[in-house]
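Structural features, examined
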Amino acid sequence: GQSLEQPSEVTAVEGAIVQINCTYQTSGFYGLSWYQQHDGGAPTFLSYNALDGLEETGRFSSFLSRSDSYGYLLLQELQMKDSASYFCAVHRRDDKIIFGKGTRLHILP
Amino acid sequence: DGGITQSPKYLFRKEGQNVTLSCEQNLNHDAMYWYRQDPGQGLRLIYYSQIVNDFQKGDIAEGYSVSREKKESFPLTVTSAQKNPTAFYLCASKVGKNTEAFFGQGTRLTVV
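Residue and element names in this part refer to chain A. Along the polypeptide, E77 turns up in the loop between β8 (70–75) and β9 (84–92). A residue is classified by how much of its surface remains accessible, and E77, at 53% relative accessible area, is exposed. Every residue in contact with E77, bar those within four places of it in the chain, is listed here: G15, A16, R59 and D82.

All names here are of chain A. With burial as the criterion, only one face of strand β11 (residues 103–108) is covered, namely that bearing T103, L105 and I107; the residues R104, H106 and L108 on the opposite face remain uncovered. Relative to β11, strand β2 (residues 9–13) runs parallel, the two sharing 5 bridges. Bridge assignment links A12 to a residue of β11, and that residue is I107. Here β9 runs beside β11; their pairing, made up of 3 bridges, is antiparallel. If you follow A84 over to β11, its bridge partner there is L105.

What follows concerns the interface of chain B and chain A. Across the contact, 24 residues belong to chain B and 22 residues belong to chain A. Approximately 1900 Å² of surface area, both sides summed, lies buried where chain B meets chain A, with 53% of it carried by carbon and sulfur atoms. Of all residues in chain B, L43, K97 and N98 of chain B give up the largest surface area on contact with chain A, accounting jointly for 26% of the area buried on that side. Along the contact surface separating chain B from chain A lie 2 salt bridges. D59 of chain B serves as the salt-bridge partner of K96 of chain A, at 3.4 Å between the closest nitrogen and oxygen. Taken together, the connections running from chain B to chain A amount to 10 residue pairs in polar contact (both at pLDDT 80 or more). At the level of elements, β4 (31–37), β5 (43–51) and β9 (87–94) of chain B are the ones that each hand at least two residues to the side of chain B that touches chain A.

Taken as a whole and judged by the stated rule, the model has 14 aromatic pairs over all chains. The interplanar angle of 70 degrees and the centroid separation of 5.8 Å between the aromatic rings of Y35 of chain A and F45 of chain A together place this pair among those described as edge-to-face. In this pair, Y35 of chain A is assigned in strand β4 (residues 29–37) and F45 of chain A in strand β5 (residues 44–49), connecting sequence segments 10 residues apart. On the basis of relative accessibility, which here comes to 0%, the residue Y35 of chain A falls in the buried class. Exposure remark for F45 of chain A: the relative accessible area of 28% places this residue in the partly exposed category. An aromatic cluster of three or more residues is present, and its members are Y35, F45 and F99 of chain A together with Y33, Y35, Y48 and F103 of chain B. In this structure, R68 of chain B is placed above the aromatic ring of F74 of chain B, and the distance from its NZ or CZ to the ring centre is 6.0 Å.

On to the nonpolar core, then. If you look at the biggest cluster of nonpolar residues, it comprises 40 residues, and the most contacted ones within it are L32, L75, Y86 and F99 of chain A together with Y35 and F103 of chain B. Ranked by residues supplied to this core, first place goes to β9 of chain A with 6 residues. Residues in contact with Y35 of chain B, not counting those within four places in the same chain, are I97 and F99 of chain A together with L43, R44, L45, I46, F88, Y89, L90 and F103 of chain B.

What counts and what doesn't
- Residues numbered from 1 in each chain as written.
- Chains lettered and ligands numbered in written order.
- Predicted model: local features only at pLDDT ≥ 70, side-chain atom pairs only at ≥ 80, totals over all residues.
- Heavy atoms only, no water.
- Helix = DSSP H or I, 4+ residues; strand = E, 2+ residues; numbered from the N terminus.
- Buried < 20%, exposed > 50% of the residue type's maximum accessible area, 1.4 Å probe, protein only.
- Contact = heavy atoms within 4.5 Å.
- Pairing = 2+ DSSP bridges.
- Buried area = accessible area lost by both parts, 1.4 Å probe.
- Salt bridge = Lys/Arg side-chain N within 4 Å of Asp/Glu carboxyl O.
- Polar contact = N/O pair within 3.5 Å; in protein donor to acceptor, adjacent residues only side chain to side chain.
- Phe/Tyr/Trp six-rings, centres within 6.5 Å; stacked < 30°, edge-to-face > 60°.
- Lys NZ or Arg CZ within 6 Å of the ring centre and 35° of its normal.
- Core = buried A, V, L, I, M, F, W, Y, C linked by side-chain atoms within 4.5 Å.

What follows is the structure in structure tokens.
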């Protein structure tokens, strides 16, 4: 089978740093991606990790540890517009992409 | 402009009717996907296709059907066998194995 676990909600303060964790179980693992979705909108791509380590793109970074079946998304210098749902997704060798249930990020002024 | 187009944005149907949701991409992507999202929930995979004339069931394929006659198009039919079809339907595509997926803007289907 396959499963992804991520926290359902996270709250942080504007300007702070927040980390959203994702643990996964799947066969044929190829990579882990992260998406942002605002209410009523479509998911937009944030980052993709195929290899262990940290990938940085502006205020967003993503980390992957294949041996631990674990990854995280790090958001720095939080802005109110970052209030959204964040999804981790496992990419498999058979081209299947499986999404987690999402983490709702609340940002306090 | 290259992208993925889903139409219509909102769709209303009566219970018992089949309905087809359109998904077209001009990105020359090989793989295409259909997901269903219920309020406050994650994305659940319905069907996906890696190449033309081939597709695989996802985790919740019952009550749905697809076709992939052209590389650019991957329509989804929600049949009357789908017990609870009201949802937000998202189409996505990607070019290769080690790449991200891009999403269309989605179709909100309401069955009354």
